[in-house]
Amino acid sequence: MYLELPSGEIDTNNIFKMAKDGLKNSLILTFQKAKNKKQIVHEYGLKVKTNGNFTIVDITIKEVSLSLKFKQETPLYLILIQEDLFTPIEEILEQNLLVVNNHDIPLTNESKHIQSLKQELQLQKAFLQDANEKLETSNEELKSYNEEIQSMNEELQSTNEELETSKEELQSVNEELSTVNSELNIKVTDLSRSNNDMNNLLAGTGIGTIFVDHKLNILRFTPAVTRIINLISSDMGRPVGHIVSNMIGYNNLVNDIQSVLDTLVPKEIEVVTIDDKSYLMRIQPYRTLENVIEGAVISFVDITEMHEIRKKLNEVNELSRLAIVVRDSSDAIIVEDLSGKIIAWNPAAQKLYGWSKSEALKMQSKARIPNELQEKDTKKIAELCSSKILQTYKTKRIKKDGSIINIHIISSALIDNEGNTYAITTTERQQESKAKFVKGSL
């Protein structure tokens, strides 16, 4: 018979317990020899008890190698047990004889039992010796493993200490990061508040502003500038020259910005938009806190009201000069509205007629006209209102003392912007003649 057993995976001692008496111990020892020596091992002349008798058997154990096409993870062993048919009878007899004083004496049953026990004892000694050797080898291996485990334990302990140190360092770094994160959150909040304040400030001033970089791409703009240049939020990053503006007669924005970036000299230009608004456009370099030029700032200040004020100031100046002329004139200059109420009275008029300015401004113009001339002069005034041209005529007027004087009058209608007459102005000069006093007059 033969058996194929894998080494290292199956408990061979338990398998060999099934062997018959006289074979178990020899089988274990022979297998261990074959395993340790890595070669074929033979054991001859073993007595195996079978059915009350003994059979002489031989044991052969060898390692088996499979073909390369089979994957073999552990070695396999072939155990061959066969009956010994060639052992000489003399050897068998020697096993049944007891030598006493150089004489061969046939063994009795008791002697045979003793001889069997001796053989079994020898096998047990050999088995114990092999087991002891294995135990020593195992002890040495366990000692080596123990040293390795102790070394690994020391390394693990060292690693654990390093991990503890790293944990403390990470905890410290985490605390620092938490502090930095809190500071950054405060700074972000402050920056957001400052940004909101700046946006509200720029929007509240009503000044249109555009920020551009070195390539004249739009970085930011305020809402007020959209009335001058047609910008929307999606225009961020586009060149400013690609945007259509509402400025009339001015198409040199890109060149002027580039000139400011090249020379770092600011420019101021007055522009007018299609809605008849006037703006002062300022182009100046964009400087950082480190005094680095990173682009340009274009701002538009509404000066429409200033132009209106300047225009009105010019008109006032003209009126002031005219008032000076009226004041310093040697002729009496009088202005009356369409109802005949006096609304202007210069010093020459006061000198000519005797009424002060405050008194004259409370009077109607017809109070200075003699009764017989009132109808005629009233028609004359109506003609002046309709003709709106300068006319000269002679008439008479009453002075404050009641005297009547001959007057040479130059009349003119005052016209508003719509072309309507709103007042009559007269320049009056006394003719060289004697004044007549009329009783009952003013």
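Residues numbered from 1 in each chain as written. Predicted model: local features only at pLDDT ≥ 70, side-chain atom pairs only at ≥ 80, totals over all residues. Heavy atoms only, no water.

K.L.:
Would you take a moment to explain the side chain of D213 for this structure?
P.N.:
Note that D213 resides in the loop between strand 7 (208-212) and strand 8 (218-221). Buried and unpaired, D213 has no salt bridge, with K215 as the nearest side chain of opposite charge at 7.0 Å. Separated by 2.8 Å, the side chain of D213 and the backbone nitrogen of N217 make a polar contact. Other than its neighbours up to four places away in sequence, D213 contacts L219, L261, E294 and G295. (Helix = DSSP H or I, 4+ residues; strand = E, 2+ residues; numbered from the N terminus. Buried < 20%, exposed > 50% of the residue type's maximum accessible area, 1.4 Å probe, protein only. Lys, Arg positive; Asp, Glu negative; His and termini not counted. Salt bridge = Lys/Arg side-chain N within 4 Å of Asp/Glu carboxyl O. Polar contact = N/O pair within 3.5 Å; in protein donor to acceptor, adjacent residues only side chain to side chain. Contact = heavy atoms within 4.5 Å.)

K.L.:
What should I look at first to understand the packing of aromatic side chains in this one?
P.N.:
Any pair of aromatic rings gets described here by the distance separating the centres and the angle formed by the planes. In total, this model carries two aromatic pairs according to the counting rule given. Ring geometry for F211 versus Y286: centroids 5.9 Å apart, planes at 90 degrees, classification edge-to-face. With F211 in strand 7 and Y286 in strand 11 (residues 278-287), this pair connects stretches of sequence that are 75 residues apart. On the numbers, 5.9 Å between centres and 45 degrees between planes, the contact of W345 with Y353 is tilted. Each member of the pair, W345 as well as Y353, is classed as buried. (Phe/Tyr/Trp six-rings, centres within 6.5 Å; stacked < 30°, edge-to-face > 60°.)

K.L.:
Please clarify how the pairing of strand 12 (residues 293-302) should be interpreted in this entry.
P.N.:
Regular strands have side chains that alternate between both faces of the sheet. In terms of burial, strand 12 is a largely internal element, seven of the 10 residues being buried. As paired elements, strand 7 and strand 12 share five bridges and run antiparallel to each other. The residue of strand 12 that forms the bridge with G208 is F300. Of the pairings in the sheet, the one linking strand 11 to strand 12 comprises eight bridges and is antiparallel in character. (Pairing = 2+ DSSP bridges.)

K.L.:
Can you help me understand the pattern of salt bridges in this one?
P.N.:
Charged atoms that come close allow side chains of opposite charge to pair. The full count for this structure, using the stated rule, is seven salt bridges. Here R429 and D331 are joined by a salt bridge, their closest N and O atoms 2.8 Å apart. Remark: D331 occurs in the loop between helix 6 (304-328) and strand 13 (332-337) and R429 occurs in strand 17 (residues 421-430); sequence separation between them is 98 residues. With relative accessibility at 48%, the residue R429 sits in the partly exposed group.

K.L.:
Before we go on, may I ask you to explain helix 5 (residues 253-263) in this structure?
P.N.:
In an α-helix there are 3.6 residues to a turn, and that puts residues three or four apart on one side. Residues of helix 5 that are buried: L253, D256, I257, V260 and L261. Down the axis of helix 5, the buried side of the element spans an arc of 140 degrees, and every buried residue falls inside it. Residues of helix 5 that are exposed and angled more than 90 degrees away from the buried face: N255 and D262. Those residues of helix 5 that are buried lie in contact with strand 7, strand 10 (267-273), strand 11 and strand 12. Positive backbone phi, approximately 60 degrees, marks L264, located one or two places after helix 5. (Arc of directions from axis to C-beta.)

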